[in-house]
Amino acid sequence: MAVTPPVVGPTLDQLREMLMPLKDVQHPTRSVFQDSVRATQCDYFLRHVAEISLELGKDQLQRCPRKTDLAARDRDPPPRSAPSLLAGVPRRQAEAIRRQIETAREKEHKALKQAAKDVVLPQGSVAVTAFLDMLMPPGLLEEITDAAGETHPMAQARSLNLVPDKGCGCSLPEIDTDVYGFLPYWMQGGSDAAIPVRFEKFTRMQYMGAVLRNNGAYVRPDGWDSRGGGFARRVNQYGVGLDMVLYRRDFRTLMHQDEQVRKDTLAVSAAQVGAMLDLRHSDWQGDLEALLPPGWRAESHVYDGVTVFFEPTDAEAADPAFEAFFIDYVQSVVKLMQARKPRAFHLNLVIPQHLMGEPATAFRFRNLLAIMQSAEQKRGKDSQLDYKERGAAAATYKSTDEYGGDSPITVRFLTPLGMGSDLNKMQLRNRTDFTDELNGADRMAVLGSVMPVLVYTGGEVAKPTPSAGEALDRDLVYIGWSFGGVAFWPVPVPSVGAGELVLEKLHDRFWSFLDQDTAFCKLLCPMRVPLRLGLEALLVIVGTTLLLYGWNCRVRRMGKVILLVLWAGALVTLAVASAIFSCDPTLNQLRTGNTLLVVIIGVLIVGGLIVTFKPRVEAP
């Protein structure tokens, strides 16, 4: 099949049609943007070729030629040695097999070259494969990527002003997968207007963040510490965790530091990251929480996790110097978390999708598995932390002695995908399935810790097309079954772009089959800490009054007045306790277990025994 070509590249109309779907889409990295461009290029190519196929009566192409199978990649991977597929085969037999393979490859190559010579195309036409390449030459792709990039000066950033969307409640603790949303520091824009967020559809938020400097210090935007409560308190109120994103892009200086300078850099970094993890809420609620019993206080720290977001070039990722720095840096963060046990932390690593598991890079599966095993605890029946794992079988994947962590740390690998992620998500799964560095339980443990990061259209709210909804639904179905969760860049907002569609599909596939909170609990759950303080005050007041009534004759002489006060206080206390018991997410295990029933039965038995065997005094 042949098509009429452009002269040297795409026409303006073709370029406009390929790039318009990317308008108002935020991409976290250059490689993700280029993946999106390739996806729209492929869509345009398939539509154009489909029209010609109908005219010529030929079968339509279902996939772009460069992606003939799931193992194919759009870009060449970093150079690496081929894995040995003949391990264990006798030497002579292995050499004979290799010669046969090389001979077959040479014959195939010659046949393809001869077939290409035999093809005679009409004048003014080119093969479809050439047409695909002409739509987006590599040089043009780099120019478009450079032009599409945006800078976000931290000096102009405003503190985030997040508010709950209408009808929003707390995140449901019963979900067995993670759902992340990114909060870039520039998300507020140039206005202080409130941003409505549907917190109940997420388990954790990622605040972007802090930029690593050459000396190990961090540059952070205004409002990162959420002074006076701020956005971090709002996130915490709705039962959602918050992680600080640590970002770096250029590694030429950090890779080539001598040993002592690197130690000093990592020491400075560790001190500042440790200070971020120790940062506490500075608002009235944080001050009053000290009055609550230790086991009933809300999380008083602003951040309970870290996301390492390094964006090296392909050449840097394949450099052993970057690999050494990356491992040393991540391990320094792990040590910080372990030094603060028994606090629970999340450690998230952002891994480029096209480099995930590449053996010649720092992101090879062997390194990722080693990081996870050094950080996470060995799973067991008595594990205290409620890990997000899909059933008992998933927990056994991390039940071996290789998991040597001594504190509750959860590791996740975040892999950003571009638009048109139908094939990208399958390629991501394919990377874990076809590798010699993972097998058995280790393969499933890594797979269960991978979370694809999806992008979506922003800008003005527009009615979504049916195809967009179907594509997103396919993504979430596949991701929900194959990986440990899903993340979105940035967090979907109902009033922005396709945010409402994303939240609707996310609810359908991740949250809809869980027991939903009632409207009453959605109102009370964010107020759980003031309610806890109120209940504590009521218990003290009613208990003190009851003691005075029993021990002081003057109080008893008040007659019906004091009895009325006691009954009213008891009823109010019971109502508040019932509301907290029904709606507080920290009491979920108590609600679903038998502990409370056992306590009530025990009280009734003891009370019955006291009444039955209490000594009686004969009437005079």
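About the criteria used
Residues numbered from 1 in each chain as written. Predicted model: local features only at pLDDT ≥ 70, side-chain atom pairs only at ≥ 80, totals over all residues. Heavy atoms only, no water. Helix = DSSP H or I, 4+ residues; strand = E, 2+ residues; numbered from the N terminus. Buried < 20%, exposed > 50% of the residue type's maximum accessible area, 1.4 Å probe, protein only. Contact = heavy atoms within 4.5 Å. Salt bridge = Lys/Arg side-chain N within 4 Å of Asp/Glu carboxyl O. pLDDT = per-residue confidence, 0-100. Disulfide = S-S within 2.5 Å. Pairing = 2+ DSSP bridges. 1 Å grid on protein atoms, 1.4 Å probe; cavity = no way out; pocket = protein on both sides within 12 Å on 5 of 7 lines; lining within 4 Å. Points joined across faces, edges and corners; volume = space filled by probe spheres on them. Nonpolar A, V, L, I, M, F, W, Y, C, P; charged D, E, K, R; others polar.

What follows is about the overall build of the protein. From N to C terminus, the protein includes 23 helices and 13 strands. Residues classed as buried in the protein amount to 46% of the 620 residues present. Partitioning the intrachain contacts of the protein with sequence separation of at least 6 by distance along the chain shows that 80% fall at a separation of at least 24.

In total, this model carries 31 salt bridges according to the counting rule given. Close ionic contact of Arg16 with Asp13 constitutes a salt bridge, the shortest N to O distance being 2.9 Å. Of this pair, Arg16 and Asp13 are both found in helix H1 (residues 12-19), three residues apart, which corresponds to roughly one turn of the helix. Residue classification places Arg16 among the partly exposed residues on the basis of a relative accessible area of 47%. Between Asp278 and Arg343 there is a salt bridge, with the nearest N and O atoms lying 3.9 Å from each other.

The next thing to look at is the confidence of the model for the protein. Per-chain confidence: the protein averages 84 in pLDDT, with 83% of residues scoring 70 or above. Scored below 50 in pLDDT, residues 67-72 shows 12 contacts in the model against residues more than four places distant or in partner chains. The model gives residues 115-121 a pLDDT under 50, and that stretch makes three contacts with residues more than four places away or in other chains.

Here we take up the state of the cysteines. Throughout the structure, instances matching the rule amount to two disulfides. Paired by a disulfide, Cys170 and Cys525 hold their sulfur atoms 1.9 Å apart. Taking the torsion about the S-S bond as the criterion, the Cys170 to Cys525 disulfide, at about -110 degrees, is left-handed. A residue pair is termed long-range when its members are at least 10 positions apart, and Cys170 in the loop between strand E3 (162-164) and strand E4 (178-184) and Cys525 in the loop between helix H18 (519-524) and helix H19 (528-551) qualify at 355 residues.

Another aspect to go through is the pairing of strand E8 (residues 241-248). Regular strands show a simple pattern: their side chains alternate between the two faces of the sheet. Of all eight residues making up E8, eight are buried, and the element is well covered by its neighbours. Residues Gly241, Asp243, Val245 and Tyr247 point to one face of E8 and Leu242, Met244, Leu246 and Arg248 to the other, with burial holding for every one of them. When E8 meets strand E9 (residues 305-310), the two strands line up parallel, connected through five bridges. Bridging from a neighbouring strand, Val245 pairs with Thr307 of E9.

This paragraph deals with empty space enclosed by the protein. With the rule as written, the count across this model stands at three cavities of 30 Å³ or more. Its volume calculated, the second largest cavity comes out at about 60 Å³. Around the second largest cavity, the lining residues are Gly169, Cys170, Leu172, Glu200, Lys201, Trp511, Gln516, Asp517 and Lys522. The residue makeup of the lining of the second largest cavity, split by class, is three nonpolar, two polar and four charged.

Before going further, it helps to spend a moment on the environment of Gly9. Mapped onto the elements of the fold, Gly9 is located in the loop between strand E1 (2-3) and H1. For Gly9, a relative accessible area of 13% translates into the label buried. Sequence separation between Gly9 and Phe131 is 122 residues, and the spatial gap between their C-alpha atoms is 9.0 Å.

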